[in-house]
Amino acid sequence: MSVGTEIMYGESMARDDDWEKYLNHRWNREIVTEETAKFPELTPQAETEQRPHKVSFFVEKIKALEVIGALTELLEKRGLDVKVIYSNVTALDILPKRAGKGQALAYLLKKFEANGKVPINTLVCGDSGNDAELFSIPEVYGVMVSNAQEELLQWHVENAKSNSNIIHATERCASGIIQAIGSFRLGPNVSPRDIKDFQKCRAEIFGPSHEVLKFYLFYERWRRAEVEKSIEYMKSLKLVLFPLGTFVHPSGVEQPVDHCIEAMTRLYGDKQGKQYQIWLDQVSSAQVGSDTWLVKFYKWELSGEERHCCLTRVLLSSKAAGNNQLIG
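Residues numbered from 1 in each chain as written. Predicted model: local features only at pLDDT ≥ 70, side-chain atom pairs only at ≥ 80, totals over all residues. Heavy atoms only, no water.

The name that an unreviewed UniProt entry assigns to the protein is Sucrose-phosphatase, with the source organism given as Hevea brasiliensis. Of the protein, the UniProt comment under Sequence similarities (unreviewed entry) reads exactly: "Belongs to the sucrose phosphatase family." Under the UniProt heading Catalytic activity (unreviewed entry), the note attached to the protein is "sucrose 6(F)-phosphate + H2O = sucrose + phosphate". (UniProt positions renumbered as here; feature names shortened; annotations may be inferred.)

**Q** Would you mind going over the sheet that holds strand S4 (residues 55-58) with me for this structure?
**A** Sheet strands line up and pair through hydrogen bonds in the backbone, either parallel or antiparallel. Taken in spatial order, the 4 strands make up an open sheet running S3-S4-S6-S5, and their pairing is antiparallel. Each of the sheet's edge strands pairs with one partner strand only, and the pair in question is strand S3 (43-44) and strand S5 (82-87). Pairing of S3 with S4, which is carried by 2 bridges, proceeds in the antiparallel orientation. Each bridged residue has a counterpart across the sheet, and for Pro 44 the counterpart in S4 is Phe 57. Here helix H2 (residues 29-36) sits on the sheet in contact with S4 and strand S6 (91-96), set at roughly 20 degrees to S4. (Pairing = 2+ DSSP bridges. Helix = DSSP H or I, 4+ residues; strand = E, 2+ residues; numbered from the N terminus. Contact = heavy atoms within 4.5 Å. Axes fitted to C-alpha atoms, helices over the stretch in contact; angles between N-to-C directions.)

**Q** It is not clear to me how the packing of aromatic side chains should be interpreted in this structure. Could you clarify?
**A** Given two aromatic rings, their pairing is described by the distance between the two centres and the angle made by the two planes. Going through the model one piece at a time under the given rule, you end up with 11 aromatic pairs. Feature note: the residues Phe 218, Trp 222, Tyr 233 and Tyr 268 constitute an aromatic cluster, connected by ring pairs. (Phe/Tyr/Trp six-rings, centres within 6.5 Å; stacked < 30°, edge-to-face > 60°.)

**Q** What should I look at first to understand the pattern of salt bridges in this one?
**A** Close approach of charged atoms lets side chains of opposite charge pair. Per the counting criterion, the structure on display carries 19 salt bridges. Where Lys 38 meets Glu 35, a salt bridge forms, and the shortest distance between an N and an O atom there is 2.9 Å. The exposure class of Glu 35 is buried, given its relative accessible area of 2%. Between Glu 301 and Lys 299 there is a salt bridge whose closest N-O contact spans 3.0 Å. Residue Lys 299 is classed as buried on the basis of its relative accessible area of 13%. Here the salt bridges share partners, and the residues they tie into one network are Glu 6, Arg 15, Glu 20 and Arg 51. (Salt bridge = Lys/Arg side-chain N within 4 Å of Asp/Glu carboxyl O. Buried < 20%, exposed > 50% of the residue type's maximum accessible area, 1.4 Å probe, protein only.)

**Q** Quick question: what am I supposed to make of the pairing of S5 here?
**A** Each regular strand displays side chains that alternate between the two surfaces of the sheet. Counting buried residues along S5, 6 of its 6 residues qualify, which places the element largely inside the surrounding structure. Residue alternation in S5 divides its side chains into two sets, Val 82, Val 84 and Tyr 86 and Lys 83, Ile 85 and Ser 87, and both sets are buried. Pairing analysis gives 6 bridges linking S5 to S6, with the strands arranged antiparallel. Bridge pairing in S6 links Val 84 to Ile 94.

**Q** I would appreciate a short explanation of unusual backbone geometry in the present structure.
**A** With the exception of glycine, most residues fall at negative phi, and the peptide bonds are largely trans. Of note in the backbone geometry, Ser 2 takes a positive phi value of approximately 50 degrees without being a glycine. With respect to the helices and strands, Ser 2 occurs in the segment before strand S1 (8-9). We classify Ser 2 as buried; its relative accessible area is 19%. The phi torsion at Ala 225 lies on the positive side, around 60 degrees, for a residue other than glycine. Turning to its location among the elements, Ala 225 is positioned in the loop between helix H7 (208-223) and helix H8 (231-240). On the accessibility criterion, Ala 225 (21% relative accessible area) is partly exposed.

**Q** Looking at this structure, I do not really get the UniProt feature "domain: Sucrose phosphatase-like" (unreviewed entry) in the protein. What am I missing?
**A** According to UniProt, the positions carrying the feature "domain: Sucrose phosphatase-like" (unreviewed entry) are residues 1-184. A distance of 25 Å separates the end C-alpha atoms of residues 1-184, which is 36% helix and 18% strand.

**Q** How do you make sense of the packing of H8 against helix H9 (residues 257-266) when you look at a structure like this?
**A** The relative placement of two packed helices is expressed as an angle between their axes plus a distance between the axes. Contact pair H8 / H9: the axes reach a minimum separation of 11 Å and the direction vectors enclose 160 degrees. With respect to their mutual orientation, H8 and H9 come out roughly antiparallel. When the axes of H8 and H9 are compared, the crossing they make is right-handed. Contacts between H8 and H9 involve Met 234, Leu 237 and Lys 238 from the former and Ile 261, Met 264 and Thr 265 from the latter. When the residues that make up the contact of H8 with H9 are grouped by side-chain class, the tally is 4 nonpolar, 1 polar and 1 charged. (Parallel < 35°, antiparallel > 145°, perpendicular 65-115°, else oblique. Left-handed = near helix turned anticlockwise from the far one by under 90°. Nonpolar A, V, L, I, M, F, W, Y, C, P; charged D, E, K, R; others polar.)

**Q** What is the right way to look at the sheet that holds strand S8 (residues 141-144) in this model?
**A** As summarised here, the arrangement of the 3 strands in space is S7-S8-S9, forming an open sheet in which the pairing is parallel. The open sheet has two edge strands, strand S7 (123-126) and strand S9 (166-168), and neither has a second partner. This sheet shows a mean twist of 15 degrees between the axes of neighbouring strands, independent of strand direction. One ladder, built from 3 bridges, connects S8 with S9; its direction is parallel. Within the sheet, the bridge partner assigned to Val 143 lies in S9 and is Ile 167. Strands in contact with helix H5 (residues 150-159) are S7, S8 and S9; relative to S8, the strand with the most contacts, it is inclined by about 135 degrees.

What follows is the structure in structure tokens.
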């Protein structure tokens, strides 16, 4: 995070203190703010963009090179070892020399290796100049999305054009990342929402989180009457759901699973032609037994102008036939 000056872990966003201590070498934020105040061309970015190892400004492109040169010289004379990164045709970040997205990734990969947890693959994604360092890390795949800034594309031409593991996607933003996942064969590259018939999908690409997602997508389509009103769907759902399972509403009210299925049957098409959508955020799964997984996520539901969210937990168990069963 923060142009590679911060590394966080897990849902609790635990900071990597060792990384931040490493960045303290020849870095003094007070001196940086003192010297940058001498440049009227620099406009400070919002306070939320200012970090312990990152001081950020806006500067006009026509003045950027001159300011970077003069500022770097001043800071070196004050005994600092810094890196000045200009990106997005307007943003100027001052970091410790040891910082940056590339160095942060290299540190992280080395840390994983030391702990015996080397990633099978690593994909880096970027759209601006401050992402360039990521693409210089050996043995990673890289994608520059189609809407990438000219400064990143120019860096690619000058430094990595012959690297077949780096592509310039034809799709924008997250779609470009999905395109790269498919291009490099790193995993599934189709959003579950774009899959019309889950029965035609290869089962091996799905895990516990996908099974939960499939259920909520079906629920959304059922209420929007985008699937056939067939009793077979409900029979299939009963086979998947644990017969003694319990649904616990956020209010605390408990209902047997079979009652929920009956209620769902009556809801067919009640949102047809209306604005209605369900999506899951911050989905995480953990194996809690030899054949059991706990999936945790925030479920969002949009109906008209109303939007609701609740923390949801689902326990899944693998049947002998290899299918997942929702059991609670």
